[in-house]
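# Commentary on secondary and tertiary structure
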Amino acid sequence: MYLFLLRRVGLMLLTALSLSFIVFCLTNLAPNLEKLARTEGSVRMTDDDVANWVIQNGHGGSMVSRYGEWLGVVPGWVLTDEKGVTRGRCLQGGLTVESAPRFCGIFQGNWGTSTVFREPVLKTVTNKLAATGWLMFWVMMVMVPTALVLGVLSGMREGSRTDRVLSTFAIASTATPEYVSGVILIAFLGSATAGISPVLSSWGWIEGRTLFQGTATSAMDKITFWNFALPVITIALYGIGYIARMTRASMTEVMTQQYIRTARLKGVSFRQIIIKHALRNALIAPFTVIMLQFPWLLNGVVIVETLFNYKGFGWTLVQAAGNNDIQLLLGCSVVAVFVVLITQLISDIGYVFLNPRIRLS
Amino acid sequence: MDTLSWPMIFGKMAIQFTPVWIALLVTFALSIQFKRRLGLYGKLFDSTVGMAGFALVAFWVFTAIFADLIITYDPLGQLSGMKNAVPGSPTTGVENAWYLLGGDHLARDVFSRMVMGARRVLAIAPAATIIAFMVGITLGLPAGYFGGKLDTALSFIANLVLAFPVILLFYLLVTPEIRVTGIPVALAAILFLFPVVFVCVLLNSRFFTSPPKRNLYVGTAAILGLWAYSGLAFNADPTGFWSMDPNLLNVFVSVVFVNAPTVFRIVRGMVMDLKARDYVAAGQTRGEGAWYIMLWEILPNARGPLIVDFCLRIGYTTILLGTLGFFGLGVSPESPDWGSTIDDGRRLLSIYPHPAVVPALALMSLVLGLNLLADGLREESLRD
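Keep in mind the model is a prediction, meaning the values are calculated, not measured.

Moving on, we get to the overall build of chain B. Each helix and strand counted, chain B has 18 helices and two strands in total. If you line up chain B on its principal axes, its C-alpha atoms span 80 × 55 × 40 Å. In chain B, which comprises 384 residues, the share counted as buried stands at 55%. Restricting to contacts in chain B with at least 6 residues of sequence separation, those with at least 24 account for 71%. Roughly 16600 Å² of accessible area belongs to chain B as shown, and the carbon and sulfur atoms make up 67% of that amount.

In structure tokens:
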């Protein structure tokens, strides 16, 4: 068992290292650095100036050594230019060459400075993650119970009318990506000129001009039902269909098992069979699916935060990528990749623990 | 002239779609007539779900084909006074002409853009999916069949790609800067080689017992394949027949790159299951080559799930392309594809919803059609 855990964690760390190296290479490409030089230095720099700036700011060495510096396993660069000004990776905040630590990468908690927000990347990322955490929390609260109930309901009597209706709904919801459902929901519920809001407003049933708010910017300060419902539903809707289909498949499989038939034959009521015998076994497979849904939720978060202008992690990622903010993009990528890898690990381990048929000696 | 009412708008749109209706009728009449002779495709017409899905998909395919006949205006043309016009607005200065679904923020016809968008989406999505499948199959077959170190290495790479959140990958791979470095071309050079290799190996393993035939088939395939390869990947086709816009190449390559690892995993899993079957053992005993067994014994037996996944994956690719358009990655600003039209329209969404809602509904119906089609195919392929 411990060997299995150890192997999984080791593989995860190896993957994380490879992925962060790939991301590092892709964000620190020569054209990106040139663009950075022109935005940080001046727009009218000559090509020689640009090359010089890149080297003087520590983007000169080989990709591997710079990656090592960024990680914090290779000593940070220190350079003195022709004017005699000494600069270095670790020399921020008035530190001198003697007093500064030799290593300052992400292992030491130095994630660099964001050029867009003008603050340490670590601070930006943690702030924005907190905002996204609320979004994710409510998405999970809506998505998981709804999907499980739908899946169990349609799976317990395969082929019934309920099953067909719910399955069609599930297919329709998997066919609707967030940017489509978000647009339709805003047009229908959050628009002052279309959908149901003008009607309700003219009847005097709602106070403002729209029923729900089409943006979630105000949710940054205070989350209310009216400004947060649409983004949450938009993300949840896409996942609901998928998880419901998996739950249904697993439920129908369980319902054909011998022990269910035995229970029926001995006269247990249908309700008791579902709750006592079927549910526990049927919910093992969806657990994995729900965990593996996280990477996709991350996508949903990016789309929805952009669409609803909610300034969370996804919005930050878009800002970082759009404004060539290399350090921030790297920070966001590391967090995103870790979220994905950790959920994969949890789903693997959880599956082993939940499923009594898998025994690791 | 007055603004059209909704029934009138739908009536006029239905008339514009006449070529599509005719084509649909002919397809359905012929398919239902001969459904017993058409194999899996024919069986599709036994299930309501499958037929509904097929109808939706066929509708968009025919729309893409006949787009030039359906559009009412140039999708890029701007008419003065039609900015953000509501659906059914009469065009200024012309008798008996309307913007059926209104105008967008640049006074272009939303209806015509939606129709032209179908052509763009359906030109890229299936092609990218096919390439992704060929890459996934060519790598997944040996990984599952031989196992060992090859399998470990390939699986590790596939898991690396799968651990990337898709949007992050797009933001890293589809940028104007990365085009300068030549990474998309390098990726294209690797990914586009797989279809050529796949076809050549496929033909070689089948016909290697009769060299003249083999030389003819493999030679033709290799020449045609390398001709297309040189044009598509390097833009170096001397005749200029095969070429790809660098923007499009970038989008295409990243979509293939995202999809291929999943296909690889599916194929690998299926091969590991199927390689213990008797017909594989029989082939090995006969002394057949490994590639013959993989491509001509195992692959045909795995076709059911693969066809189903293919339909689902085209839908997924459509969603991915829409995502790229939504973030304005790798598309020209005036391109009518659905994702970027939604992106254009979302800025004024709460005041003028129609420019964004129309392509959104179009995209949703196409993906829904593909999902229903996949569901119908799964049901019918499980039945026998």
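Using the criterion set out here, one finds 34 aromatic pairs over all chains in the structure. Relative to F137 of chain A, the ring of W134 of chain A has its centre 6.1 Å away and its plane inclined at 90 degrees; by these criteria the two rings are edge-to-face. Pair noted here: W134 of chain A and F137 of chain A are both in helix α5 (residues 121–156), with a separation of three residues, about one helical turn. What links up through ring pairs into an aromatic cluster is the set F17, W21, F59, W60, F111 and W338 of chain B. Just above the ring of W315 of chain A sits the side chain of K311 of chain A; from NZ or CZ to the centre is 5.2 Å. Residue placement shows R206 of chain B over the ring face of W296 of chain B; its charged tip is 5.1 Å from the ring centre.

Pairing between side chains of opposite charge can happen when the charged atoms of each approach one another. Residue and element names in this part refer to chain B. Tallied over the full model, the rule gives 18 salt bridges over all chains. Where R119 meets D68, a salt bridge forms, and the shortest distance between an N and an O atom there is 3.3 Å. Placement of R119 in helix α6 (residues 110–146) and of D68 in helix α5 (residues 67–70) is noted, with a sequence separation of 51 residues between them. A residue is classified by how much of its surface remains accessible, and R119, at 29% relative accessible area, is partly exposed. The salt bridge partner of R286 is E288, with a shortest N-O separation of 3.1 Å. Given the relative accessible area of 52%, R286 is considered exposed. Overlapping salt bridges bring together D104, R108, R113 and D344 as one network.

This part is about the interface of chain A and chain B. Listed by partner, the interface residues are 49 residues for chain A and 42 residues for chain B. Summing both partners gives a buried area of about 3800 Å² for chain A against chain B, and 79% of it is carried by carbon and sulfur. The tally of links between chain A and chain B comes to one salt bridge. For D375 of chain B, the salt bridge identified is with R245 of chain A, shortest N-O distance 2.8 Å. Taken together, the connections running from chain A to chain B amount to four residue pairs in polar contact (both at pLDDT 80 or more). When residues of the side of chain A that touches chain B are traced back to their parent elements, those giving at least two are α1 (2–27), α2 (30–40), α6 (161–174), α7 (178–189), α9 (225–255), α12 (284–308), α13 (313–322) and α14 (326–354) of chain A. With nine residues, the single largest contributor to the side of chain A that touches chain B is α1 of chain A.

Below, the discussion takes up the domain arrangement of chain B. Residue and element names in this part refer to chain B. What the domain assignment lists for chain B is domain 1 (6–117 + 353–381) and domain 2 (119–315). Between the C-alpha centres of domain 1 and domain 2 the distance comes to 31 Å. Buried surface at the junction of domain 1 and domain 2, summed over both partners, amounts to about 1200 Å²; 71% is from carbon and sulfur atoms. Summed over the three residues of domain 1 that lose the most area to domain 2, namely A64, G117 and L370, the buried surface amounts to 32% of that side. Along the contact surface separating domain 1 from domain 2 lie one salt bridge. Here domain 1 is connected to domain 2 by eight residue pairs in polar contact (both at pLDDT 80 or more). Only α4 (48–65), α5, α6 and α18 (354–383) provide two or more residues apiece to the side of domain 1 that touches domain 2. Looking at the side of domain 1 that touches domain 2 element by element, the count peaks at eight residues for α18. Here the residues of the side of domain 1 that touches domain 2 sort into 14 nonpolar, two polar and two charged.

Residue and element names in this part refer to chain A. Looking at the element boundaries, V289 is found in helix α12. Judged by its relative accessible area of 13%, V289 falls in the buried class. For the pair formed by V289 and V121, sequence separation is 168 residues and the distance between their alpha carbons is 32 Å. Leave out the neighbours within four places in its chain, and V289 touches Y242, I243 and M246.

All names here are of chain B. Structurally, the position occupied by T27 is in helix α2 (residues 18–33). In this structure the side chain of T27 is engaged in a polar contact, spanning 2.5 Å, whose partner is the backbone oxygen of A23. Dropping the residues within four chain positions of it, T27 is found in contact with Y41, F54 and F62.

All names here are of chain A. On the surface, W134, F137, W138, M141, V142 and I223 cluster together into a nonpolar patch covering about 560 Å² of accessible area. Its place among the elements puts M141 in helix α5. We classify M141 as partly exposed; its relative accessible area is 46%.

With that settled, the discussion passes to the side chain of T323 of chain B. Tracing the chain through its elements places T323 of chain B in helix α16 (residues 303–326). Apart from residues lying up to four places away in sequence, T323 of chain B is in contact with Y179 and I303 of chain A together with I167 of chain B.

Relative orientation of the contacting elements α1 of chain A and helix α7 (residues 148–163) of chain B amounts to 65 degrees, with a least axis distance of 10 Å. Put simply, α1 of chain A runs roughly perpendicular to α7 of chain B. The two elements α1 of chain A and α7 of chain B meet at a crossing, and its hand is right-handed. Judged by residue contacts, L11, L14, T15, S18, L19 and I22 of chain A of α1 of chain A engage F156, L160 and A163 of chain B from α7 of chain B. Here the residues of the contact of α1 of chain A with α7 of chain B sort into seven nonpolar, two polar and no charged.

Criteria and thresholds
Residues numbered from 1 in each chain as written. Chains lettered and ligands numbered in written order. Predicted model: local features only at pLDDT ≥ 70, side-chain atom pairs only at ≥ 80, totals over all residues. Heavy atoms only, no water. Helix = DSSP H or I, 4+ residues; strand = E, 2+ residues; numbered from the N terminus. Buried < 20%, exposed > 50% of the residue type's maximum accessible area, 1.4 Å probe, protein only. Contact = heavy atoms within 4.5 Å. Areas by Shrake-Rupley, 256 points an atom, 1.4 Å probe, with all protein chains shown as cover. Phe/Tyr/Trp six-rings, centres within 6.5 Å; stacked < 30°, edge-to-face > 60°. Lys NZ or Arg CZ within 6 Å of the ring centre and 35° of its normal. Salt bridge = Lys/Arg side-chain N within 4 Å of Asp/Glu carboxyl O. Buried area = accessible area lost by both parts, 1.4 Å probe. Polar contact = N/O pair within 3.5 Å; in protein donor to acceptor, adjacent residues only side chain to side chain. Domains from an automatic or database assignment. Nonpolar A, V, L, I, M, F, W, Y, C, P; charged D, E, K, R; others polar. Patch = residues over 30% accessible without salt bridge, like charges linked within 9 Å, V, L, I, M, F, W, Y side chains within 5 Å. Axes fitted to C-alpha atoms, helices over the stretch in contact; angles between N-to-C directions. Parallel < 35°, antiparallel > 145°, perpendicular 65-115°, else oblique. Left-handed = near helix turned anticlockwise from the far one by under 90°.

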